[in-house]
Amino acid sequence: YFTNNVSTTGAGAINCVSSTPLIANNIIVNNTADNAAAVSLKTNSNATLVNNTISNNLHNNETNGAAVFIFSSMPVIINNIIYNNGTPFREISSLPLVSYTCVNGGYSGEGCFDEDPQFIAPSEGQGADFNGLANWHLAETSPCIDAGSYEEQYNDPEDPDNPGHALYPAQGTLRNDIGAFGGGT
């Protein structure tokens, strides 16, 4: 969990400069920052973001602010929920590869869509003034269930007592659920 952080100089949660981390299965919610409300990827930070829930973050810069600020970097963003953050991406001299992601406002990547992810009980507002430790699990009717990449490496964990089915009943099939609670990592 990266929640309820405040920054006036960097990102609200994760700030990368010249790095290539794997950022996977995180709840990144209710952070407040001037530019990058949740994640900042600068100067060849070719990170891979897989199965994260990035929601209800607040940026204070209407011109350059966004949930994910990308400057001179080429990240891979797959199977994430990026919802209710204002502007989802700010791309400056960057070309992210975004796929199978629920993006508020939409995005033109393979498998991307703009629908309410249907969290069970999210925080009641954006930014650090609201409880980020809310319930970010998906309701059984969520469009994010079984909506992730078809690649087997991203599958939800299999239930050893019920082969062919996901470990958690709300996950549906083994196909990856989008967001922090999906995937095999």
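Remember, it's a predicted structure, so these values are computed and weren't measured experimentally. (Residues numbered from 1 in each chain as written. Predicted model: local features only at pLDDT ≥ 70, side-chain atom pairs only at ≥ 80, totals over all residues. Heavy atoms only, no water.)

1. Section: the overall build of the protein
Secondary structure summary: the protein contains zero helices and 18 strands in total. Relative to the compact-globule value of 16 Å for 185 residues, the protein shows a C-alpha radius of gyration of 16 Å, a close match. Projected onto its principal axes, the C-alpha positions of the protein cover 50 × 35 × 25 Å. Taking the intrachain contacts of the protein between residues at least 6 apart in sequence as the baseline, contacts between residues at least 24 apart amount to 64%. Accessible surface, the protein as shown: approximately 8400 Å² in total, 49% of it carbon and sulfur. (Helix = DSSP H or I, 4+ residues; strand = E, 2+ residues; numbered from the N terminus. Rg over C-alpha atoms; globule rule 2.2 N^0.38 Å. Contact = heavy atoms within 4.5 Å. Areas by Shrake-Rupley, 256 points an atom, 1.4 Å probe, with all protein chains shown as cover.)

2. Examining the packing of aromatic side chains
Summed over the entire model, instances satisfying the criterion amount to three aromatic pairs. Considering the side-chain rings of Phe-119 and Trp-136, the 5.0 Å spacing of their centres and the 80° angle between planes classify their relative orientation as edge-to-face. With Phe-119 in strand S17 (residues 119-121) and Trp-136 in strand S18 (residues 135-138), this residue pair connects regions lying 17 residues apart in the sequence. Accessibility classification places Phe-119 together with Trp-136 in one group, the buried group. Directly above the aromatic system of Tyr-150 lies the positively charged group of Arg-175, at a separation of 3.7 Å from the ring centroid. (Phe/Tyr/Trp six-rings, centres within 6.5 Å; stacked < 30°, edge-to-face > 60°. Buried < 20%, exposed > 50% of the residue type's maximum accessible area, 1.4 Å probe, protein only. Lys NZ or Arg CZ within 6 Å of the ring centre and 35° of its normal.)

3. Side note on the sheet that holds strand S2 (residues 6-7)
An order of S2-S6-S10 is seen for the three strands of this open sheet, with the pairing classed as parallel. Only two strands of the sheet have a single partner each, and these edge strands are S2 and strand S10 (58-59). Direction of pairing for S2 relative to strand S6 (residues 32-33): parallel, over a ladder of two bridges. Across the sheet, the residue bridging to Ser-7 is Ala-33, located in S6. (Pairing = 2+ DSSP bridges.)

4. Quick word on unusual backbone geometry
Residue Asn-51 is not a glycine yet carries a positive backbone phi of 55°. On the accessibility criterion, Asn-51 (1% relative accessible area) is buried. Its identity as a non-glycine residue notwithstanding, Asn-56 has a phi of 60°, on the positive side. With respect to the secondary-structure elements, Asn-56 resides in the loop between strand S9 (53-55) and S10.

5. Here's the deal with the sheet that holds strand S15 (residues 97-99)
Backbone hydrogen bonds hold the strands of a sheet together, and the pairing may be parallel or antiparallel. Pairing is parallel across the open sheet formed by four strands, whose spatial order is S4-S8-S12-S15. The open sheet has two edge strands with one neighbour each: strand S4 (22-24) and S15. Averaged over neighbouring strand pairs, the angle between their axes works out to 10° when direction is ignored. Pairing of strand S12 (residues 76-78) with S15, which is carried by three bridges, proceeds in the parallel orientation. Across the sheet, Val-76 pairs through a bridge with Leu-97, a residue of S15. (Axes fitted to C-alpha atoms, helices over the stretch in contact; angles between N-to-C directions.)

6. Digging into the environment of Ser-93
Counting through the fold element by element, Ser-93 comes out in the loop between strand S14 (89-92) and S15. For Ser-93, a relative accessible area of 64% corresponds to the exposed category. Counting along the chain gives 23 residues from Ser-93 to Ile-70, while the straight-line C-alpha distance between them is 8.2 Å. In contact with Ser-93, not counting residues within four places along its chain, are Ser-72 and Ser-73.

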